[in-house]
Amino acid sequence: MTPPLNATDFFSAKLRFETDPADLAADRAGGASPLVLDVRSTEAWRQGHIPGALHIPGAELTARADELGTDRDRAVVVYCWGPGCNGSTRAALSLATLGFTAVRELIGGFEYWAREGFLVESHAGRHRQSPDPLTAPAQT
């Protein structure tokens, strides 16, 4: 019988397997560039995505996993639309099942990335929106 998971173990594990937009942006700015994987639909991708992200819709991920390269220990951050979408959770599980060892999920997905005012890329080019004070408090 497996012992019950305690709060310390749960939250330690949670922090190992998730990242938030500010931490991802800081990692990228600091040169620690994980592979960023967008698993949303093609239509959502065209509306806007994180610059430099690789787009593989979730339903195609297992068949196209070779596009992520052969290094199964490479850091990968997976995202979908927003906090109500569990597509990135499914994709992260698929990658872990395929042997990827450093997979994390982006908390809040693309929605939080854009709402925090980070750079977004679309067919119209690159842009930022003003940070939403509910997700990225304004500096005073």
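Here is a short report on the structure shown in this document. All residue numbers refer to position in the chain's written sequence, counted from 1. Totals for whole chains, interfaces and linings use all residues, but because this is a predicted model, local features are given only for residues with pLDDT of at least 70 and pairs of side-chain atoms are given and counted only at 80 or more. Hydrogens and water molecules were not included; the side-chain quantities draw on all heavy atoms of the structure.

1. Some details on the pairing of strand 4 (residues 76-79)
Stated precisely, the cut-off is as follows: For every residue, the accessible area (1.4 Å probe, protein chains only) is compared with the maximum for its type, and the residue is labelled buried under 20%, exposed over 50%, or partly exposed between those bounds. Secondary structure elements are defined from DSSP: runs of H or I of at least 4 residues count as helices, runs of E of at least 2 residues count as strands, and each element is numbered from the N terminus. Following DSSP output, two strands are said to pair if at least two bridges run between them. With the strands aimed away from the viewer, a crossover counts as right-handed if its path from the first strand over the helix to the second runs clockwise.
Where burial is concerned, the two faces of strand 4 agree: the one with V76 and V78 and the one with V77 and Y79 are both buried. By the bridge criterion, 4 bridges tie strand 2 (residues 35-38) to strand 4 in an arrangement that is parallel. Note on strand 4: the bridge partner recorded for V36 is V77. Taken together, strand 4, helix 5 (residues 87-97) and strand 5 (residues 103-106) form a β-α-β motif whose crossover is right-handed.

2. What about the sheet that holds strand 5?
The following threshold applies: Any two residues having at least one pair of non-hydrogen atoms within 4.5 Å are treated as being in contact. As a rule, the C-alpha atoms of each element are fitted with a line to give its axis, helices using only the stretch in contact, and angles between N-to-C directions run from 0 to 180 degrees.
Taken together, the 5 strands give an open sheet; going across it, the order is 1-5-4-2-3, and neighbouring strands pair in parallel fashion. The sheet terminates laterally at strand 1 (18-19) and strand 3 (54-55), the two strands that pair on one side only. For strand 2 and strand 3, the ladder comprises 2 bridges, and the chain directions are parallel. Counted as the bridge partner of D38 is H55 from strand 3. Relative to the sheet, helix 5 contacts strand 2, strand 4 and strand 5, its axis offset from that of strand 4 by approximately 145°.

3. Points about the packing of aromatic side chains
Describing an aromatic ring pair means giving the distance of the ring centres and the angle of the ring planes. Under the convention used in this document: Ring geometry is summarised as follows: Phe, Tyr and Trp rings, the Trp one being its six-membered ring, pair when their centres sit within 6.5 Å, and such pairs are stacked at plane angles under 30 degrees, edge-to-face over 60 and tilted between the two. Here, a charge over a ring is recorded when the distance from Lys NZ or Arg CZ to the ring centre is within 6 Å and its angle to the ring normal is within 35 degrees.
All told, the structure shown has 4 aromatic pairs when counted by the stated rule. Measuring from ring centre to ring centre gives 4.9 Å for F10 and F11, while their planes differ by 80°; the resulting arrangement is edge-to-face. Note on Y79 and F110: the rings are 6.3 Å apart at their centroids and 25° apart in plane angle, and the pair reads as stacked. Of the two residues, Y79 is situated in strand 4 and F110 in helix 6 (residues 109-115); the sequence distance between them amounts to 31 residues. Neither residue differs from the other here; Y79 and F110 are each classed as buried. Linked through ring pairs, Y79, W81 and F110 together constitute an aromatic cluster. One cation-aromatic arrangement involves R40 over F110; the distance from NZ or CZ to the ring centre is 4.5 Å.

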